[in-house]
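Descriptive analysis of the structure
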Amino acid sequence: MNTQESQNTNPPQDPNYPQVFFSEAIKTYDETYISELTTAIITAIKQVYDPEIPVDIYELGLIYVIEYLDLTPNMIKVKIDMTLTAPGCPVAGSMPEWVANAVNAMPEIEDCLVDLVWEPFWTPERMSLRAKLELNMF
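Bear in mind the structure is a predicted one, so any value in this text is a computation, not a measurement. (Residues numbered from 1 in each chain as written. Predicted model: local features only at pLDDT ≥ 70, side-chain atom pairs only at ≥ 80, totals over all residues. Heavy atoms only, no water.)

1. A look at the overall build of the protein chain
From N to C terminus, the protein chain includes three helices and five strands. Mapped in sequence order, the helices and strands of the protein chain form the string β-β-α-β-β-α-β-α. Radius of gyration (C-alpha) of the protein chain: 15 Å, near the 14 Å computed for a compact globule of 138 residues. With respect to the three principal axes, the spread of C-alpha positions in the protein chain is 45 × 30 × 25 Å. Looking at the 138 residues of the protein chain, the share that counts as buried comes to 43%. For the protein chain, long-range pairs separated by at least 24 residues make up 62% of all intrachain contacts whose partners lie at least 6 apart in sequence. (Helix = DSSP H or I, 4+ residues; strand = E, 2+ residues; numbered from the N terminus. Rg over C-alpha atoms; globule rule 2.2 N^0.38 Å. Buried < 20%, exposed > 50% of the residue type's maximum accessible area, 1.4 Å probe, protein only. Contact = heavy atoms within 4.5 Å.)

As structure tokens, this is what we get:
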């Protein structure tokens, strides 16, 4: 069990891995469980694609933070901070809802809130190698 209020569990093999934080109400948590749950949330997020780009939004580097608000079993609440490739993106009003729907489809998730953030600004450097290869950016 860990008792830190926030943690960045960024695996070195995945530069897009979001920062992981915990609300002040969460005093302890199981690191292995959080790692598995975060991986499952990322898998759900990877089902969401920008309709103009044939790469999922995780590989594009649009997910910045996953914050655990409540870790009560089967009532887990999370907040996700994400951005878009450009402020004028035509799906700006829809994509956060797509992400929330993908994560809320997980049986252990009670609620997923998604905040659209603009800092730090998104740049192509945030894209994974896989996304760059898919988009022929070399």
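2. Some details on the environment of V65
Locating V65 in the fold gives a position in strand β3 (residues 63–70). The residues touching V65, leaving out its near neighbours within four places in the chain, are P18, Q19, F21, K79, I80 and D81.

3. Concerning unusual backbone geometry
Following E119, the chain continues to P120 via a peptide bond in cis, the omega torsion being -5°. Among the structural elements, P120 can be located in the loop between β5 (109–116) and α3 (129–134). Of note in the backbone geometry, N136 takes a positive phi value of approximately 50° without being a glycine. Position of N136 among the secondary structure elements: in the segment after α3.

4. Quick look at the packing of helix α1 (residues 31–45) against helix α2 (residues 95–104)
Contact pair α1 / α2: the axes reach a minimum separation of 8 Å and the direction vectors enclose 130°. For the element pair α1 / α2, the angle class is oblique. Crossing of α1 against α2: the hand is right-handed. Between α1 and α2, the contacting residues are I41, A44 and I45 on the first element and V99, A102 and V103 on the second. Residue composition of the contact of α1 with α2, by class: six nonpolar, no polar and no charged. (Axes fitted to C-alpha atoms, helices over the stretch in contact; angles between N-to-C directions. Parallel < 35°, antiparallel > 145°, perpendicular 65-115°, else oblique. Left-handed = near helix turned anticlockwise from the far one by under 90°. Nonpolar A, V, L, I, M, F, W, Y, C, P; charged D, E, K, R; others polar.)

5. Description of the nonpolar core
By size, the foremost hydrophobic cluster in this structure holds 43 residues, and its most contacted members are I41, I45, I57, Y68, I80 and V103. For this core, the secondary-structure elements that each account for two or more residues are β2 (19–22), α1, β3, β4 (76–82), α2 and β5. A per-element tally of this core places α1 first, with six residues. Among all residues touching V103, those that are not within four sequence positions of it are I41, A44, I45, V78, I80, I109 and C112. (Core = buried A, V, L, I, M, F, W, Y, C linked by side-chain atoms within 4.5 Å.)

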